[in-house]
Amino acid sequence: MPRWIVLVSPVGGAPAESYRVAVLEELTGSPEEVMAAFLRNLDTYEGAVWKVKRREIFKCSERSYVVRVHGRFSRSEYLFQLAELVSDTGDADLPASVS
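A quick note: this is a predicted structure, and the numbers were derived from the prediction, not measured.

S.K.: Which residues make up the nonpolar core, and what values go with them?
M.R.: Grouped together as the largest cluster of nonpolar side chains are 17 residues, with contacts concentrated most on Val6, Leu27, Phe38, Leu42, Tyr78, Phe80 and Leu82. Elements represented by at least two residues in this core include exactly strand S1 (3-11), helix H2 (31-44), strand S4 (64-70) and strand S5 (75-84). With five residues, the top contributor of residues to this core is H2. Setting aside chain neighbours within four positions, we find Phe38 in contact with Val6, Arg63, Tyr65, Phe80, Gln81 and Leu82.

S.K.: Let's hear about the pattern of salt bridges: which residues, and what values?
M.R.: Enumeration according to the criterion identifies seven salt bridges in this entry. Among the ionic pairs, Arg63 bridges to Glu84, the shortest N-O distance being 4.0 Å. You can see Arg63 sitting in the loop between strand S3 (54-61) and S4 and its partner Glu84 sitting in strand S5, a full 21 residues away along the chain. You can call Arg63 partly exposed: its relative accessible area is 35%. Put simply, Arg68 and Glu77 hold a salt bridge, and the shortest N to O gap is 2.6 Å. Connected through salt bridges with shared partners, the residues Arg54, Glu56, Arg68, Arg75 and Glu77 form a single ionic network.

S.K.: Help me get a handle on the packing of aromatic side chains, residues and values and all.
M.R.: For the structure shown, the criterion picks out four aromatic pairs. Three or more aromatic residues joined by ring pairs form one cluster here, namely Tyr45, Tyr78 and Phe80.

S.K.: Explain the sheet that holds S3 to me, and be specific about the residues and the numbers.
M.R.: Pairing within the open sheet is antiparallel, and its five strands lie in the order S2-S1-S5-S4-S3. The outermost strands of the open sheet, each flanked by one partner alone, are strand S2 (22-28) and S3. Pairwise comparison of adjacent strand axes, ignoring direction, gives a mean angle of 20° for this sheet. Of the pairings in the sheet, the one linking S1 to S5 comprises eight bridges and is antiparallel in character. Bridging from a neighbouring strand, Val11 pairs with Glu77 of S5. Here H2 sits on the sheet and contacts S1, S2, S3, S4 and S5; the angle it forms with S5, its principal contact strand, is near 170°.

S.K.: How would you explain H2 if you had to name every residue and give the values?
M.R.: In an α-helix, one turn spans 3.6 residues; hence positions three or four apart end up facing the same way. Taking 1.5 Å of rise per residue, 14 residues should cover 20 Å, and H2 covers 20 Å from first to last C-alpha, within 8% of that figure. Looking only at H2, the buried set comprises Val34, Met35, Ala37, Phe38, Asn41 and Leu42. Along the long axis of H2, the arc covered by the buried residues comes to 165°, so they all point the same way. For H2, the exposed residues set more than 90 degrees away from the buried face come down to Glu32, Arg40 and Thr44. Elements in contact with the buried residues of H2: S1, S2, S3, S4 and S5.

Criteria and cut-off values
- Residues numbered from 1 in each chain as written.
- Predicted model: local features only at pLDDT ≥ 70, side-chain atom pairs only at ≥ 80, totals over all residues.
- Heavy atoms only, no water.
- Core = buried A, V, L, I, M, F, W, Y, C linked by side-chain atoms within 4.5 Å.
- Buried < 20%, exposed > 50% of the residue type's maximum accessible area, 1.4 Å probe, protein only.
- Helix = DSSP H or I, 4+ residues; strand = E, 2+ residues; numbered from the N terminus.
- Contact = heavy atoms within 4.5 Å.
- Salt bridge = Lys/Arg side-chain N within 4 Å of Asp/Glu carboxyl O.
- Phe/Tyr/Trp six-rings, centres within 6.5 Å; stacked < 30°, edge-to-face > 60°.
- Pairing = 2+ DSSP bridges.
- Axes fitted to C-alpha atoms, helices over the stretch in contact; angles between N-to-C directions.
- Expected span 1.5 Å × (residues − 1).
- Arc of directions from axis to C-beta.

In structure tokens:
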């Protein structure tokens, strides 16, 4: 079964913060199942915003979105990416490298 990770990174803000990328969730399933779970993350993510009032979602590509979360006193933006595992030296079903 394919394995995936959801990556999230703050956009803008302090320079040190904008380079921080975190794995929000690890998923397994078909591309359709995983995409549905990925889109649920976009619809519910609050990040560091207190009392979410509004959420804007911008599509960059099929597996990349920017979510702008408006709170009572602040606004934050986050880049979300969905990545599929394509290589694993510990899994006989996957190639050991991408080359």
